[in-house]
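What follows is each chain in one-letter form.
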Amino acid sequence: MSLPYVYKTVESGDIADTKEWSDQFKADQNYTIEKVFIMRKDGQAFTKSTITFWLENQPLTKDVVPCALFPPSEFDSPALGYEIKANQVFKWTLKNLEGTTISVFLVLKLKPK
């Protein structure tokens, strides 16, 4: 059975205020990254934190973008359409600027190719 979408969740540990969390997803097959959802585990909204994305070593963001741009809502999160091939790496760095320690879920909505 072919699934129209699969979701990959990556969890951070505690991220102290002004500190960064970097992680990555290595594709096990060809996908389109349809959306990225970022949510704080405490349920609070992001206010000032930022994120950057790369595919391999190619930046996908100009400088940084607010995490609030990628809410955990299917309707509010922007469509991306990033093509990622098997064994390529999608990387990110989130900078916590919330004024307190946070932890997050980052969820990739992937469309198999």
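See the structure above.
None of these values were measured; they are calculated from a predicted model.

Procedures and definitions
- Residues numbered from 1 in each chain as written.
- Predicted model: local features only at pLDDT ≥ 70, side-chain atom pairs only at ≥ 80, totals over all residues.
- Heavy atoms only, no water.
- Salt bridge = Lys/Arg side-chain N within 4 Å of Asp/Glu carboxyl O.
- Helix = DSSP H or I, 4+ residues; strand = E, 2+ residues; numbered from the N terminus.
- Buried < 20%, exposed > 50% of the residue type's maximum accessible area, 1.4 Å probe, protein only.
- Core = buried A, V, L, I, M, F, W, Y, C linked by side-chain atoms within 4.5 Å.
- Contact = heavy atoms within 4.5 Å.
- Phe/Tyr/Trp six-rings, centres within 6.5 Å; stacked < 30°, edge-to-face > 60°.
- Lys NZ or Arg CZ within 6 Å of the ring centre and 35° of its normal.

Chemist: Honestly, the pattern of salt bridges in this entry has me stumped. Any pointers?
Modeler: A pair can form between side chains of opposite charge whenever their charged atoms are brought close. Evaluated as defined, the whole model comprises six salt bridges. The partner of Lys35 in a salt bridge is Glu74, and the shortest N-O contact between them spans 3.9 Å. Linking Lys35 in strand β3 (residues 31-40) with Glu74 in the loop between β6 (65-66) and β7 (82-84), this pair joins segments that are 39 residues apart in sequence. Note on Lys35: relative accessible area 12%, which makes it buried. In this structure Glu74 comes out as partly exposed when scored by relative accessible area, which is 30%.

Chemist: Looking at this structure, how should I read the nonpolar core?
Modeler: For soluble globular proteins, nonpolar side chains are generally found buried alongside one another. One finds Val36, Ile38, Ile51, Trp92 and Leu94 to be the most contacted residues of the largest nonpolar core, which totals 25 residues. The set of elements that each furnish at least two residues to this core consists of β2 (20-26), β3, β4 (50-55), β8 (89-95) and β9 (104-112). Discounting chain neighbours no more than four positions away, the residues touching Ile51 are Ile38, Val64, Val65, Cys67, Phe70, Trp92, Thr93, Leu94 and Leu106.

Chemist: Would you mind going over the packing of aromatic side chains with me for this structure?
Modeler: Two aromatic rings are characterised by how far apart their centres lie and by the angle between their planes. With the rule as written, the count across this model stands at six aromatic pairs. Taking 5.3 Å as the distance between ring centres and 80° as the angle between the ring planes, the aromatic pair formed by Phe53 and Phe70 counts as edge-to-face. One end of the pair, Phe53, is in strand β4; the other, Phe70, is in the loop between β6 and β7, with 17 residues separating them in the sequence. In this structure Phe53 comes out as buried when scored by relative accessible area, which is 0%. Residue Phe70 is classed as buried on the basis of its relative accessible area of 4%. Residues Tyr82 and Phe90 carry aromatic rings whose centres are separated by 6.4 Å and whose planes lie at 40° to one another, so their mutual orientation is tilted. Residue Phe90 is classed as buried on the basis of its relative accessible area, which comes to 0%. Taken together, the ring pairs in this structure connect Trp21, Phe53, Phe70, Tyr82, Phe90 and Trp92 into an aromatic cluster. The lysine or arginine in question, Lys41, covers the ring of Phe105, its NZ or CZ lying 5.1 Å from the ring centre. Sitting above the plane of the Tyr5 ring, Lys109 keeps its charged end 4.1 Å from the centroid.

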